[in-house]
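Each chain, letter by letter, is given below.
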Amino acid sequence: MNAAAVIRHRLFWPAAVLVLLLAANVFFTPGFLSVELKDGHLYGSLIDIARFGAPLILVATGMTLVIATGGIDLSVGSVVAISGALACLWITGLDDQQSTAGVLTAVGIALGLALFLGLCNGILVAGIGIQPIIATLILMVAGRGLAQLITDGQILTVNSAPYKLIGGGYWLTLPFGVLIVAAVLAITAFLTRRMALGLLLESVGGNATASRLAGIRSRGLIVTVYAFCALCAGIAGLMISSNVSSADGNNAGLWIELDAILAVVIGGTSLAGGRFSLGGTVLGALVIQTLTTTIYTIGIPPETTLLFKALVVVAVCLLQSSAFREKVLNRRRRRPQSAPASADPKVKVPA
C-alpha cells in the first residue's frame, strides 16, 4: 500500500491526531508514555486514558450502530445518570453493601431499566414514526429529571467493594472497565462484521423503505439498536458511578451524548447513515479523551477548555474531508491544459 492510499484511508487522520496529541503530552511531561506495574496493577497516563475513556467508548459504540441506521440518540447521557442512580439507590438499601449478590441485583435492575428505556426510544422512532432527534430528546429531558427523582436531588454515596470493581477496580493487572469495554467491542464486532447484522444495518441506514420492501425487518433492527445503545449507556453509568462510589443525577453523564457523536464522526461514520466503523469510533473516543488529558497537562485555563476542544475537533473533521484537503492543501491534481487555438484571424488552420 503506497503513501497516498494510506493517507486516503478513513482512519489515517484520527490515528495521526491521536499520535500528535500523545507526542504533545510527552513534550510537556517526559514520562507520559511510561507504564509501571505496582502491586499487580498497571499504572500510567496511558492506562488512565483507557480507564477514563472506557465509558465514552461504550456509549459511542452504541451510538455508532444507531447512526448507522440513520438515527441518533440524544438520551444516552440521561440513561447514564439513571443507571448509576438506580444502582446506588439499591445498594444503599442493602443491609450489607459488600454483598456480591446484592450488587449483582442492583446491576441487573439498572441495566434492565436502561434496556427498557432504549426499547421505548426504538418504538417511538420505528413504531410510531417520530423523528429520532425528537424521540430521544424527550428522554434526554425527562430522564435527567427521573435521575434526580431517584436520588431525591442528593448525591448518593455507597461503600461497596464489589461495586467499586466495575469502574475503579483492576483484574489481570488491567482496569476492569477496560476489560468490559473490550468484551462488548468483541461481541459487537463479531455480530456486525462476522455475521449479516452489520450489512443489514447499513442497508437500513442507506434506505429503510427499500430495505423493508426487500424483506428486511427494518423496524425490528431499529428498535434493537436503540435498545443496545441504551444498554451500553447503562453499563457506562455503572462504571462512572462505581468509579467515584456515588451517583449524581444532575451531573453524571452530562453532555456525554455530544462527545459520543463527535467520536463517531471523527471515526469516519457518516451521520446520514449507511457504512460505519467500530474501529474508527474507538479511535475517535480515544482522541477526545486524550484531548481532555492534554488540556489538563498543558495547563489551558478552564474557561477556554471547551473552545480549545471544539477547535481541535473541527480541525480533525476538516482534515478528514478530501474536498478540504484538495482545496486548501493543494492536493488536487491539475489536468494538463491543451494548447489554445490561435486568436489571430489571419492564421488559417489547415483542414
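Use the structure listed above.
The structure presented is a predicted model; accordingly, all values stated were derived computationally and were not measured.

Draft legend 1. Structural detail: helix H8 (residues 176-193). With 18 residues, H8 ought to run about 26 Å at 1.5 Å a step, and its terminal C-alpha atoms sit 25 Å apart, in line with that. The set of residues buried in H8 consists of Gly177, Ile180, Val181, Val184, Leu185, Thr188 and Thr192. Along the axis of H8, the buried residues cluster in a sector spanning 130°; they form a single face. On its buried face, H8 sits against helix H3 (45-68), helix H7 (161-168), strand E5 (174-175), helix H9 (197-206), helix H11 (218-244) and helix H13 (278-298).

Draft legend 2. Region of interest: the side chain of Thr293. Within the secondary structure layout, Thr293 lies in helix H13. Assessed through its relative accessible area of 19%, Thr293 is described here as buried. Excluding its chain neighbours within four sequence positions, the residues that come into contact with Thr293 are Asn25, Phe32 and Ile49.

Draft legend 3. Expanded view of the packing of aromatic side chains. All told, the structure shown has three aromatic pairs when counted by the stated rule. Ring geometry for Tyr43 against Tyr170: centres 5.7 Å apart, planes inclined by 45°, an arrangement best described as tilted. In this pair, Tyr43 is assigned in strand E2 (residues 41-44) and Tyr170 in strand E4 (residues 170-171), connecting sequence segments 127 residues apart. Aromatic side chains Trp171 and Phe176 sit 6.4 Å apart centroid to centroid with 70° between the ring planes, which places their arrangement in the edge-to-face category. Its guanidinium or amino end placed over the ring of Phe52, Arg51 lies 4.4 Å from that ring's centre, counting from NZ or CZ. Just above the ring of Phe276 sits the side chain of Arg193; from NZ or CZ to the centre is 4.2 Å.

Draft legend 4. Inspection of the environment of Thr136 at higher detail. Examined against the element boundaries, Thr136 turns out to sit in helix H6 (residues 132-151). Assessed through its relative accessible area of 0%, Thr136 is described here as buried. As for Thr136 and Tyr226, which are separated by 90 residues in sequence, their C-alpha atoms are 9.7 Å apart. If near-sequence neighbours (up to four positions away) are discounted, Thr136 is found in contact with Ile72, Asp73, Leu74, Ser75, Asn121 and Tyr226. One polar contact links the side chain of Thr136 to the main-chain amide nitrogen of Leu74, over a distance of 3.2 Å.

Basis of the calculations
- Residues numbered from 1 in each chain as written.
- Predicted model: local features only at pLDDT ≥ 70, side-chain atom pairs only at ≥ 80, totals over all residues.
- Heavy atoms only, no water.
- Helix = DSSP H or I, 4+ residues; strand = E, 2+ residues; numbered from the N terminus.
- Expected span 1.5 Å × (residues − 1).
- Buried < 20%, exposed > 50% of the residue type's maximum accessible area, 1.4 Å probe, protein only.
- Arc of directions from axis to C-beta.
- Contact = heavy atoms within 4.5 Å.
- Phe/Tyr/Trp six-rings, centres within 6.5 Å; stacked < 30°, edge-to-face > 60°.
- Lys NZ or Arg CZ within 6 Å of the ring centre and 35° of its normal.
- Polar contact = N/O pair within 3.5 Å; in protein donor to acceptor, adjacent residues only side chain to side chain.

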